[in-house]
Amino acid sequence: MIEVRLVNGKPVGIAGRSDHPIGRGALCPKGSAVLQQTFHPDRLQHPMARKNRGSQEWERISWGDAENLMRFHLEKLIEGRRPESLAMIAGPQNDLRREILRRFAAGVGTPHFWKWEWSPAQLPLDAFDRMHGSSEGLFYDLPNASLLVSFGWDWLQAFPSPVEAQRAFGRLRNGRRGRILQIEPRLSISAAKADEWISARDGSAGALALSLAHVMMEERLYDRAFVERWTEGFEAYRAVVRDYAPDRASRLSGVSVERIVALAREMAQAKTALAVISRGSLFDQIAVHSLNALTGSIGAKGGVLAAGSAEKSEALPAPEAKSSILTWEQIPEAVLARRESPVGMLWLDGVNPAFSSPQPSQWREAMSRIPFIVSFSTMMSETSELADLVLPTSEALEAPQDETAFDLEGNRVDTFAPAVMAPLYDTADMGDFVLGLARRMGGRVTRHLPWAHYAEALRHRASRRGWNASMIAQGGAASTPALRQGPGAVLEGRRMRLAQEELANSDASPKGEHRGLDLHIQFPLAFLYAEGAHLPYLHGLDGIRGDKLGEGWVTTVELHPATARRLGIEEGSAVWVESASGRIQAKVRVFEGAREDTASIPMGLGHTAMGRYAKGVGSNPAEIVPREFNFAGRALWRAEGVKVYAV
């Protein structure tokens, strides 16, 4: 939450509010860039409709015409008894506008509603769902871990709340000093700040985790009391673990047998050993999270805890049609696999999959076959350029904002901020627009959204949550304790399922010897969620990396000195980085913190749209990442056999 300084009604400065339970006066880089976002010279200023498919000719239309156009296409789907062909991807915010979109989708009757999720910056929600039965409310108690072991997750940069990640690190280092180990193929920010960086091959996290479990079982170091009381499927899990002796994991990961054995013993002996990983390969997620069971860290302070929700989302009738698309990430596969697109209308809420997904060319091809596309956006993104209707939403300072989140103490935090300025252009509050559209469509859509305006819906939410009048008028935050601690509370009386078929059928373990390099994608904090390249302030931050300054505004590829010598490539050289999916250009950075078998590239640059500061700057590594998915339908974000050679 921010404070805004106004001069003659115009915002000229911002700062974090010290009384906010999560921010506590701090801001993440994107929060600091909000003024550049608001006054960006290339912001969309009015609704636009494409004149003809395949062209970049647009015409300005009114908001009333935009509503009529959307209503026409929606009613055509409903009348044709194909409501499931509406696919909606809502933005990642946990706010009232996303709840309005959820209700709208339910009113239409489509099961294809998703909240956009950026897997590299999320907890292992797929493993939580499979092993606990639900991922709701689960979180890592980072500040209180006595031993924190991160498997390939640069958590100090790519974390759901970067501000909280930094604060957790401060608490780990303050007085008690919890020990931090970072396992990954490059010396990231998190690795540099850790007590030890364990250099391991990309994609080997699951094999390493199962090898640690192997040692714990062979030496009877695991928490047998927890396993017997709170888990099921242990013998089937043990059968899988037997195949991951340290010598095999060493070959797959590059980590010595001695280090694997020592780490297993250290985790078993720690007061609370917390194994963390992001939402990548499901095999890796499950293998790593199983270590939290073996060490008895589920429900323990410094382990995996849970926060209960003071208010559940209202249950809505399930759509009659069944979902035919597993996740939003697999929309291109669903569309391109059939003669007639199963998606008749694609509704996008501030998201840009035609840039931030592996092989975005697949999104471009799929979107050309979807009959009607609407994109709500503040900028003309790569995805918006492919839409039929582009509707500019008001910026954060121009409209009221609310959000619900859980902090790392397990408290539920409701935040509200009023608008501080009138919209600069002919933009609209998406909440008001959708409510107006729902009101005119009638039937179940109207019944699901009974509020006349966004302000009325906001008052309804405020009354349910007990917000006082001053919070609505001036903004503020309400913190509600919601911590669930102890194995029984975290598992909600269920047993944790250790046996999972995905462990026997790895979706991402390294294939062993191969020609070429592993491609490791970095996710720098400045461009977290693959966003922000249109803001000069964030480019400046991205230019501060390691021991090199001024590397912003260019895409780099990190190579170990021995690898660069072997390839005959020097520091600063222009090179091609090529995978089976394509090739991009980059500038070589020789870096001793990279593995010899790895080429590492940061994500965030390489736009073909997004305004003057982003367009044509650098290359997009997503272009050379294969479209491979885990069993939960999430992109794996890795490639093997990459070649690097001079331009």
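Scope of this entry: the structure provided in the associated data block. Just so you know, these numbers come straight off a predicted model, no measurement behind them. (Residues numbered from 1 in each chain as written. Predicted model: local features only at pLDDT ≥ 70, side-chain atom pairs only at ≥ 80, totals over all residues. Heavy atoms only, no water.)

1. Remarks on the overall build of the chain
Part 1 of the argument: Regarding its fold elements, the chain presents 24 helices and 27 strands.
Part 2 of the argument: For the chain, whose C-alpha radius of gyration is 25 Å, the value lies close to the compact-globule estimate of 26 Å for 647 residues.
Part 3 of the argument: If you line up the chain on its principal axes, its C-alpha atoms span 70 × 60 × 55 Å.
Part 4 of the argument: The buried share of the chain, taken over its 647 residues, is 59%.
Part 5 of the argument: Within the chain, counting contacts between residues at least 6 apart in sequence, those at least 24 apart form 76% of the total.
Part 6 of the argument: Just so you have it, the chain exposes about 25,200 Å², and 49% of that area is on carbon and sulfur atoms.
Part 7 of the argument: Here the chain contributes 76 positively and 76 negatively charged side chains, and the mean placements of these two sets differ by 2 Å. (Helix = DSSP H or I, 4+ residues; strand = E, 2+ residues; numbered from the N terminus. Rg over C-alpha atoms; globule rule 2.2 N^0.38 Å. Buried < 20%, exposed > 50% of the residue type's maximum accessible area, 1.4 Å probe, protein only. Contact = heavy atoms within 4.5 Å. Areas by Shrake-Rupley, 256 points an atom, 1.4 Å probe, with all protein chains shown as cover. Lys, Arg positive; Asp, Glu negative; His and termini not counted. Charge placed at Lys NZ, Arg CZ, Asp CG, Glu CD.)

2. Notes on the pattern of salt bridges
Part 1 of the argument: For the coordinates displayed, the defined rule picks out 38 salt bridges.
Part 2 of the argument: Put simply, Glu 99 and Arg 102 hold a salt bridge, and the shortest N to O gap is 2.9 Å. Here the residue Glu 99 and the residue Arg 102 both occupy positions in helix α4 (residues 96-108), the gap between them amounting to 3 residues, near one helical turn.
Part 3 of the argument: On the basis of relative accessible area, Glu 99 is assigned to the buried category, the value being 12%. (Salt bridge = Lys/Arg side-chain N within 4 Å of Asp/Glu carboxyl O.)

3. Re the environment of Pro 83
Part 1 of the argument: Tracing the backbone shows Pro 83 in the loop between α3 (63-79) and β5 (86-90).
Part 2 of the argument: Counting along the chain gives 326 residues from Pro 83 to Glu 409, while the straight-line C-alpha distance between them is 41 Å.
Part 3 of the argument: Setting aside chain neighbours within four positions, we find Pro 83 in contact with Leu 77, Val 108, Gly 109 and Thr 110.

4. Looking at the packing of aromatic side chains
Part 1 of the argument: One pass over the full model with this rule turns up 18 aromatic pairs.
Part 2 of the argument: Pairing Trp 63 with Phe 433 gives two aromatic rings, centres 5.5 Å apart and planes at 65 degrees, and the pair type is edge-to-face. On the criterion of sequence distance, the pair formed by Trp 63 in helix α3 and Phe 433 in helix α17 (residues 430-441) is long-range, its members being 370 residues apart. Both residues of the pair, Trp 63 and Phe 433, count as buried.
Part 3 of the argument: One aromatic cluster is present, built from ring pairs that chain together Trp 116, Trp 118, Trp 328, Trp 363, Phe 523, Tyr 529 and Trp 637.
Part 4 of the argument: Its guanidinium or amino end placed over the ring of Trp 230, Arg 229 lies 3.9 Å from that ring's centre, counting from NZ or CZ. (Phe/Tyr/Trp six-rings, centres within 6.5 Å; stacked < 30°, edge-to-face > 60°. Lys NZ or Arg CZ within 6 Å of the ring centre and 35° of its normal.)

5. Re the packing of α4 against α17
Part 1 of the argument: Where α4 meets α17, the closest approach of the two axes is 9 Å, and the angle between their N-to-C directions is 20 degrees. With respect to α17, the element α4 is oriented roughly parallel. Classified by chirality, the crossing of α17 by α4 is left-handed. On α17, the residues that touch Arg 97, Arg 98, Ile 100, Leu 101 and Phe 104 of α4 are Met 430, Gly 431, Val 434, Leu 435, Leu 437, Ala 438 and Met 441.
Part 2 of the argument: Residue composition of the contact of α4 with α17, by class: 9 nonpolar, 1 polar and 2 charged. (Axes fitted to C-alpha atoms, helices over the stretch in contact; angles between N-to-C directions. Parallel < 35°, antiparallel > 145°, perpendicular 65-115°, else oblique. Left-handed = near helix turned anticlockwise from the far one by under 90°. Nonpolar A, V, L, I, M, F, W, Y, C, P; charged D, E, K, R; others polar.)

6. What to know about helix α11 (residues 246-253)
Part 1 of the argument: Three or more residues of α11 are buried, namely Pro 246, Ala 249, Ser 250, Leu 252 and Ser 253. Along the axis of α11, the buried positions cluster into a sector of 165 degrees, meaning they face one direction only.
Part 2 of the argument: The first or second residue beyond α11 is Gly 254, which carries a positive phi of 85 degrees. (Arc of directions from axis to C-beta.)

7. What about the nonpolar core?
Part 1 of the argument: Phe 151, Trp 155, Ile 331 and Leu 346 are the most contacted members of the largest nonpolar core, which totals 137 residues.
Part 2 of the argument: Residue contributions to this core peak at 10 residues, all from helix α8 (residues 205-218).
Part 3 of the argument: Filtering out sequence-adjacent residues up to four positions away, Leu 346 remains in contact with Ala 87, Ile 89, Ile 331, Trp 363, Met 367, Ile 370, Phe 372, Ile 373 and Val 374.
Part 4 of the argument: Core analysis: the next-biggest nonpolar cluster, separate from the first, contains 41 residues, Phe 104, Met 441, Trp 451 and Met 471 among them. (Core = buried A, V, L, I, M, F, W, Y, C linked by side-chain atoms within 4.5 Å.)

8. Quick look at the sheet that holds strand β19 (residues 476-481)
Part 1 of the argument: Strands sit in the order β17-β18-β19 across an open sheet of 3 strands; the sheet is antiparallel. Strands at the two margins of the open sheet, each flanked by one partner only, are β17 (401-406) and β19. Strand-to-strand twist of the sheet, defined as the mean angle between neighbouring strand axes without regard to direction, takes the value 10 degrees.
Part 2 of the argument: Each of β17 and β18 (411-417) touches helix α19 (residues 454-465); the most contacted strand, β17, lies at about 35 degrees to it. (Pairing = 2+ DSSP bridges.)

9. What to know about the environment of His 20
Part 1 of the argument: Locating His 20 in the fold gives a position in the loop between β2 (10-16) and α1 (29-32).
Part 2 of the argument: Taking the relative accessible area as the measure of exposure, His 20 reaches 6% and is therefore buried.
Part 3 of the argument: Note: C-alpha distance between His 20 and Gln 166 (146 residues apart in sequence) is 16 Å.
Part 4 of the argument: Residues within four places of His 20 in sequence aside, it is in contact with Met 1, Val 413, Thr 415 and Ala 477.
Part 5 of the argument: Here the side chain of His 20 touches Ile 22 through a polar contact of 3.1 Å, landing on its backbone nitrogen.
Part 6 of the argument: At 3.2 Å, the side chain of His 20 and the backbone nitrogen of Gly 23 are in polar contact. (Polar contact = N/O pair within 3.5 Å; in protein donor to acceptor, adjacent residues only side chain to side chain.)

10. Concerning unusual backbone geometry
Glycine aside, the phi torsion of most residues is negative, and most peptide linkages are trans.
Part 1 of the argument: The phi angle at Arg 81 is positive, at roughly 55 degrees, despite the residue not being glycine.
Part 2 of the argument: Along the polypeptide, Arg 81 turns up in the loop between α3 and β5.
Part 3 of the argument: You can call Arg 81 exposed: its relative accessible area is 74%.
Part 4 of the argument: Phi at Gln 359 takes a positive value of approximately 45 degrees, unusual for a residue other than glycine.
Part 5 of the argument: By relative accessible area, which is 17% here, Gln 359 ends up buried.

11. With respect to the pairing of strand β15 (residues 372-377)
Along any regular strand, the residues point their side chains to alternate faces of the sheet.
Part 1 of the argument: Judged by how many residues are buried, β15 sits mostly within the fold: 6 of 6 residues are covered.
Part 2 of the argument: Taking every second residue as pointing to the same face, both faces of β15 are buried, with Phe 372, Val 374 and Phe 376 on one and Ile 373, Ser 375 and Ser 377 on the other.
Part 3 of the argument: The sheet contact formed by strand β14 (residues 345-349) and β15 spans 5 bridges and is parallel. Within β15, the position partnered with Trp 347 by the bridge is Val 374.
Part 4 of the argument: Looking at chain direction, β15 and strand β16 (residues 389-392) are connected through 4 bridges and run parallel. Bridge pairing in β16 links Phe 376 to Leu 391.

12. Things to note about the side chain of Ser 281
Part 1 of the argument: Looking at where Ser 281 falls in the secondary structure, it is placed in the loop between β12 (273-276) and α13 (282-294).
Part 2 of the argument: Among the polar contacts listed, one links the side chain of Ser 281 to the backbone nitrogen of Phe 283, at a separation of 3.2 Å.

13. Topic: α8
Part 1 of the argument: Counted at 1.5 Å a residue, the expected span for α8 with its 14 residues is 20 Å, and the 20 Å between its end C-alpha atoms agrees.
Part 2 of the argument: Of all 14 residues that make up α8, 13 are buried, and the element is covered over most of its length.
Part 3 of the argument: After α8 finishes, the residue Arg 220 shows a positive phi value of roughly 50 degrees. (Expected span 1.5 Å × (residues − 1).)

14. A short note on empty space enclosed by the protein
In this approach, a probe sized like a water molecule rolls over the atoms, and the result shows the empty space that is left.
Part 1 of the argument: Applying the stated criterion across every chain yields a total of 6 cavities of 30 Å³ or more.
Part 2 of the argument: The calculated volume of the largest cavity comes to roughly 550 Å³.
Part 3 of the argument: Along its surface, the largest cavity is lined by 34 residues, and Gly 152, Trp 153, Asp 202, Ser 278 and His 520 are the ones closest to its centre.
Part 4 of the argument: The set of elements that each furnish at least two residues to the lining of the largest cavity consists of β9 (179-184), α8 and β22 (517-522).
Part 5 of the argument: It is β22 that contributes the most residues to the lining of the largest cavity, 3 residues altogether. (1 Å grid on protein atoms, 1.4 Å probe; cavity = no way out; pocket = protein on both sides within 12 Å on 5 of 7 lines; lining within 4 Å. Points joined across faces, edges and corners; volume = space filled by probe spheres on them.)

Distances and angles like these do not, on their own, reveal function.
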